[in-house]
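Here is how the chains run, residue by residue.
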Number of protein chains: 4
Amino acid sequence: MTATGERLTRLSAPALDEILGVTLPVLDDGFIRVVDYMGTDAAIVQAARVSYGAGTKLVSEDRGLIRYLMRHRHTTPFEMCELKLHVRVPMDCWRQWIRHRAASVNEYSTRYSIAIDGAQTTKTDEWRTQAADNKQGSGDFLDPTIGHTLSEQEQSFQSHARQLYDQRLEAGVAREQARKDLPLSTYTEAYWKVDLHNLLHFLALRMDAHAQSEIRAFATVIGDEIVRRWCPLAWEAFQDYRLQGQTLSAIETAVIAAIGGGDPGAAVAIATARGLLAYTEDGRIKRNRERAELEAKLQGFNLAIPWETT
Amino acid sequence: MTATGERLTRLSAPALDEILGVTLPVLDDGFIRVVDYMGTDAAIVQAARVSYGAGTKLVSEDRGLIRYLMRHRHTTPFEMCELKLHVRVPMDCWRQWIRHRAASVNEYSTRYSIAIDGAQTTKTDEWRTQAADNKQGSGDFLDPTIGHTLSEQEQSFQSHARQLYDQRLEAGVAREQARKDLPLSTYTEAYWKVDLHNLLHFLALRMDAHAQSEIRAFATVIGDEIVRRWCPLAWEAFQDYRLQGQTLSAIETAVIAAIGGGDPGAAVAIATARGLLAYTEDGRIKRNRERAELEAKLQGFNLAIPWETT
Amino acid sequence: MTATGERLTRLSAPALDEILGVTLPVLDDGFIRVVDYMGTDAAIVQAARVSYGAGTKLVSEDRGLIRYLMRHRHTTPFEMCELKLHVRVPMDCWRQWIRHRAASVNEYSTRYSIAIDGAQTTKTDEWRTQAADNKQGSGDFLDPTIGHTLSEQEQSFQSHARQLYDQRLEAGVAREQARKDLPLSTYTEAYWKVDLHNLLHFLALRMDAHAQSEIRAFATVIGDEIVRRWCPLAWEAFQDYRLQGQTLSAIETAVIAAIGGGDPGAAVAIATARGLLAYTEDGRIKRNRERAELEAKLQGFNLAIPWETT
Amino acid sequence: MTATGERLTRLSAPALDEILGVTLPVLDDGFIRVVDYMGTDAAIVQAARVSYGAGTKLVSEDRGLIRYLMRHRHTTPFEMCELKLHVRVPMDCWRQWIRHRAASVNEYSTRYSIAIDGAQTTKTDEWRTQAADNKQGSGDFLDPTIGHTLSEQEQSFQSHARQLYDQRLEAGVAREQARKDLPLSTYTEAYWKVDLHNLLHFLALRMDAHAQSEIRAFATVIGDEIVRRWCPLAWEAFQDYRLQGQTLSAIETAVIAAIGGGDPGAAVAIATARGLLAYTEDGRIKRNRERAELEAKLQGFNLAIPWETT
């Protein structure tokens, strides 16, 4: 790591340059545009090698190093890449987005300017039912005949809302007060700047199956269209280790080891001792969310569940 | 700073203990409650003295030390105090609040639960005009006869919005989707935890005359009712140095020094050279916001403005 | 979540109160003392339930909820607890400690005060060899006869260093400059304040077997002596899911599923296709760190490795 | 703020491009190199205008807007620019540097690699005395004859230290342990990435006259050589408003207003009432640091101090 007087040129990602500034549509009227970026896969490697110093170039090729960093959560080199997006998002979705604190934000101000005249609309076949098994999520789509009514009511309500807003402005009400009843479906815009480590954390949460479908639509475009072009090696490693990876607890590892060792009785004993497995007085198995999740993992491994599940 | 085996008891602020858990109302239906806290003025002093070490107790009394820290922006000791609030705030106001990233937040989830049935209402005499001199702020109140109409329309609209929300839930729409058209006036609740340094930064921005009156109402209660009881010395210093303090640029200092030295001509020369003072061809002074702010400061100092202002 | 006017008292952890202020020794002359704290396990639950709202108390008991939060990395409720420590640490160790940015720090200043007259010494049987299999770690202990020489040299050097420092001060050199050659073994002290989420992240990295033994000694005291008394449910969950947990990549999951399904040939095919398994022209298996880690996991599960490993 | 499909190219700062990668020497053997950057003055303006929205382009030219943002501490647009440096710094200096938490860091690891064989040396005429008026700073230079002895001792000590380190490595001691007695003067290297807002905060503190001269040397190169080329408008505004600006408290403003209004008696009354001005029983003025700082400001304004100062 000897410094020299050599001039550098900035690292660039030609595949990302191709879409720089281009509007990538999301939802009915939202979008994402890459405004600027700093660094590429090579910047991750470069920063990691500063830590490892001059004498240890044996960690040979870039892909292996990036995978190693991702696998062992050596996260600081991923902070060396930075991305700046211009996004157009419904306020309801933005309320979730802005919860990610490790980012820089400049949002369109409805104190300075008139609110964007656009609200996210829901098509007749896009209304979702409450999930049966999940307190926070959605299930199937509602029947389009019901959806038809809901979409008409939405249309009418959003018109009413905009009319009210316009009337207030015409009456001379300050913009900062006139906006108070805008519906959460109203679009807002922002510049959002974040480093790759924190972006991947955002994507891990927001591309997840439990994320709300609206923000998942944005996150998926960021991941599949932008990060894939920008830092393809980091993107591949992220998919393997984070997005499609899974975590096992000490208890789960012990249960699997017992099964793997051909001793399902030991597995039952461990699950019982650690509170995952218990029965009512009349012999029915007690509900336990931790065990249910373990059972799903065992099925994913094609391993037989060593206790009765009903 | 010798460590000892002596048992400590936690620092407490009896004046704050008196209102712990008590609802402090804000706006028509909002509130702030102190849920917990850590540290007091004494914790600020304690942390500062760790830095100064054993040999330098000369920085004698606590008030002087806290004022010194505030004056010279030695901010880290103020991070040693922590406050946890339970707040109920209109979503429009929360959109501004959540922009402060150095805090911990758990917000009421309208994915898990039905939205709070309450929207911030505006009384007939509370509608504000757009400020004439300020792109982002409010001016005087509108005539209550106009306000009467506006409040009636608001009432009707908010009922419509709630009705729509309820209908969607009855139709089986998922909570996370049904909420998409809730008006920004809908109340939300959150636990908000922040250290004193970052809280004072929040208050400096949100108690400011340019802050929107709604969030200013919350910030004022936090400052006047809570911080004053919790850390009275820090609160006094904050008011003197931050809230009621002001900043002078190098140019402004030079202009004041010229005036103070009895040389208004030199003041004019400085303002001209640095681009604050210029005239059109027909002799009228050009608008310049930086100069206008300097003139206001000179007036505040009872110093004569050394150039023609019209 | 209806707010009421009821007075609260602060949550307290009696088991932690017992050691508040008490010096817990670490290394030859370091220590950790709990100075203050905010919240307990109950505060984590309280914050999580704000998010879930009034209607969903079914997430029944606290232990289950805390385990659920830990398992699914719902991290924000853990930020609601705060801990303040007074620590005495060798500067070399502090250099690693201070890399954790999400904390508040006031360190003893050797600009204001004379440096602490204490350096971490190494006993004759504490000198460690360079690890053979790990670029960054230690292996076994060196022979105490060699260690005897090393410890004598250390003793002599540390005396020399302190003498030099004292001579500079006597010659009138400024403290901020006199300190420039203090050895990294010199002790420093600091107040360190951090929330439970970030503390657990610190512990996950610094209690790990790959952490340097000096900082591991501090981390272990924080975990085993302090967090265990403070938030026992969070501590138990943290041990199960983070400290003793493990992560599987998509590739690893697929390999295990193939083995579990009784098809080792499919496992070999997956490992080969994804670049983990390859052979040289003369038939020897190529080194691959990702595969080596997978093999170790398979052994931990008592599952047969489906390829030749030598 | 209409999004379009137009391709962008990244903003670049040609004046900074000229020194990209070039080693800028600091101290005897340290350096700073710009490795990469994102954004320019134009990015600040661009982000601010997102907030102001489409309808308000009246905030006419860039320089005025940037000065306005700086004056009123609208800091978020400055976060939109990012800088990545490669630095070589003595560990003693790095201990101060790393206290700035809002940055990304990868430091050379002396666990992985052998420590850099370089320590910061002090020339015979560079030894500084302890400041008389300042607990933490330096005063004049020591006599070079004394300095000669000090530099010789330093040279000898640093050789001793390196010899000890090498002997440990030869004896087979692990790198992570062998380094424990390296002197703080040993150089380290790091990649350091920070946004412009946080960089300016760093510079405000570290270019200040109270900062230690070693870190001030680094900060000055960053400011004068790098930021000046990168974002010249922000740099000019920063110098006027932050680096050479000053803050007045409410008390100070009231005292100046009394003097400006020709009523020095009122100024005395204010200073007395607010605790800045008091006399001992035998009529001598009591020391008060807050008043001493006010007196210095009055002198800077060429305003007569309205009380006896001795």
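Just so it is clear, the model here is predicted, and its values are computed rather than measured.

Another point: the sheet that holds strand β7 (residues 187-195) of chain C. One open sheet accounts for five strands, arranged β1-β2-β3-β7-β4 (chain C); its pairing is antiparallel. Two strands lie at the open edges of the sheet, namely β1 (24-26) and β4 (104-107) of chain C, each paired on one side alone. Strand-to-strand twist of the sheet, defined as the mean angle between neighbouring strand axes without regard to direction, takes the value 25 degrees. Sheet analysis places strand β3 (residues 82-90) of chain C next to β7(C), joined by nine bridges and oriented antiparallel. Bridging across to β7(C), His86(C) finds its partner in Tyr191(C). Contacts from helix α2 (residues 41-52) of chain B reach β2 (30-38), β3, β4 and β7 of chain C within the one sheet, and its direction differs from that of β4(C) by about 50 degrees.

Let us now look at the interface of chain B and chain C. Between chain B and chain C, the residue contacts involve 57 residues of the former and 57 residues of the latter. Counting each side, the surface lost to burial between chain B and chain C is near 4800 Å², with a carbon and sulfur contribution of 54%. Where chain B packs against chain C, one counts two salt bridges. Here Lys193(B) ties to Glu82(C) by a salt bridge, and the two come within 2.5 Å at their closest N and O atoms. Here chain B is connected to chain C by 16 residue pairs in polar contact (both at pLDDT 80 or more). Mapped onto the side of chain B that touches chain C, the elements with two or more residues apiece are β2 (30-38), α2, β3 (82-90), β4 (104-107) and β7 (187-195) of chain B.

Here the domain parsing of chain A yields domain 1 (14-118 + 186-243), domain 2 (128-181) and domain 3 (250-300). With centres defined by C-alpha atoms, the gap from domain 1 of chain A to domain 3 of chain A works out at 38 Å.

Hydrogen bonds between backbone groups are what pair the strands of a sheet, and the pairing can be parallel or antiparallel. Residues and elements named next belong to chain B. On the basis of which strands lie adjacent, the open sheet formed by five strands has the order β1-β2-β3-β7-β4 and antiparallel pairing. One side of each edge strand has no neighbouring strand; the edge strands of this open sheet are β1 (24-26) and β4. Between one strand axis and the next, the sheet turns by 25 degrees as a mean value, whatever way the strands run. Across three bridges, β1 lies against β2 in antiparallel orientation. By the bridge assignment for β2, Val-26 is matched with Gly-30. The strands touched by helix α7 (residues 196-206) within the sheet are β3 and β7, with β7 carrying the most contacts at an inclination of about 125 degrees. Helix α8 (residues 213-230) contacts β1, β2 and β3 of the sheet and is inclined by roughly 35 degrees relative to β2.

If a strand is regular, its side chains alternate between the two faces of the sheet. Residues and elements named next belong to chain B. Counting buried residues along β7, nine of its nine residues qualify, which places the element largely inside the surrounding structure. The alternating pattern of β7 places Tyr-187, Glu-189, Tyr-191, Lys-193 and Asp-195 on one face and Thr-188, Ala-190, Trp-192 and Val-194 on the opposite face, and all of these are buried. Bridge count between β4 and β7: four bridges; the pairing is antiparallel. The residue of β7 that forms the bridge with Ser-104 is Lys-193.

With 58 residues of chain A at the contact, the number on the chain D side is 57 residues. With both sides pooled, the region where chain A packs onto chain D buries about 4800 Å², and carbon together with sulfur makes up 55% of that total. Area buried by chain A at its contact with chain D is led by Arg10(A), Met38(A) and Asn106(A), which between them contribute 17% of it. The interface formed by chain A and chain D holds 18 residue pairs in polar contact (both at pLDDT 80 or more) in total. Residue assignment for the side of chain A that touches chain D shows that the elements contributing at least two residues are β2 (30-38), α2 (41-52), β3 (82-90), β4 (104-107) and β7 (187-195) of chain A. Here the side of chain A that touches chain D takes seven residues from β2(A), the largest share from any one element. Residues that form the side of chain A that touches chain D fall into these classes: 26 nonpolar, 18 polar and 14 charged.

All names here are of chain D. Direction vectors running N to C along helix α10 (residues 250-260) and helix α12 (residues 289-300) enclose 45 degrees, while the axes themselves pass 11 Å from each other. Put simply, α10 runs oblique to α12. Remark: the crossing between α10 and α12 carries right-handed chirality. Between α10 and α12, the residues in contact are Ile-251, Glu-252, Val-255, Ile-256 and Ile-259 and Glu-290, Leu-294, Lys-297 and Leu-298, respectively. Tallied by class, the residues present in the contact of α10 with α12 amount to six nonpolar, no polar and three charged.

Next up on the list: helix α3 (residues 62-71) of chain A. Counted residue by residue, α3(A) has seven buried out of ten residues, so it is predominantly covered. Those residues of α3(A) not exposed but buried are Leu65(A), Ile66(A), Arg67(A), Tyr68(A), Leu69(A), Met70(A) and Arg71(A). Buried residues along α3(A) sit against α2, α7 (196-206) and α9 (232-243) of chain A together with α10 (250-260) and α12 (289-300) of chain C. Between the side-chain oxygen at the start of α3(A) and the backbone nitrogen of Arg63(A) there is a gap of 2.9 Å, and the oxygen is on Glu61(A). Looking at the residues trailing α3(A), positive phi occurs at Arg73(A), about 55 degrees.

Glancing now at the relation of the copies chain B and chain C. In screw terms, the move from chain B to chain C is a rotation of 180 degrees and a rise of 0.0 Å along the axis, fitting with an RMSD of 0.0 Å. Taken together, the rotation angle and the small translation identify this as a two-fold axis. Among all residues of chain B, the minimum C-alpha distance to the rotation axis is found for Met38(B), at 2.9 Å.

We now examine the pattern of salt bridges. Under the criterion given, the structure shown has 124 salt bridges over all chains. The residue Arg88(A) makes a salt bridge to Glu189(A) at a minimum N-O spacing of 2.8 Å. Of this pair, Arg88(A) sits in strand β3 while Glu189(A) sits in strand β7, and the two are 101 residues apart along the sequence. Each member of the pair, Arg88(A) as well as Glu189(A), carries the same accessibility label: buried. The network of salt bridges with common partners includes Arg63(A), Arg67(A), Arg71(A), Glu236(A), Asp240(A), Arg274(C), Glu290(C) and Glu293(C).

Conventions we followed
- Residues numbered from 1 in each chain as written.
- Chains lettered and ligands numbered in written order.
- Predicted model: local features only at pLDDT ≥ 70, side-chain atom pairs only at ≥ 80, totals over all residues.
- Heavy atoms only, no water.
- Pairing = 2+ DSSP bridges.
- Helix = DSSP H or I, 4+ residues; strand = E, 2+ residues; numbered from the N terminus.
- Axes fitted to C-alpha atoms, helices over the stretch in contact; angles between N-to-C directions.
- Contact = heavy atoms within 4.5 Å.
- Buried area = accessible area lost by both parts, 1.4 Å probe.
- Salt bridge = Lys/Arg side-chain N within 4 Å of Asp/Glu carboxyl O.
- Polar contact = N/O pair within 3.5 Å; in protein donor to acceptor, adjacent residues only side chain to side chain.
- Domains from an automatic or database assignment.
- Buried < 20%, exposed > 50% of the residue type's maximum accessible area, 1.4 Å probe, protein only.
- Nonpolar A, V, L, I, M, F, W, Y, C, P; charged D, E, K, R; others polar.
- Parallel < 35°, antiparallel > 145°, perpendicular 65-115°, else oblique.
- Left-handed = near helix turned anticlockwise from the far one by under 90°.
- Least-squares fit on C-alpha atoms with pLDDT ≥ 70 in both.

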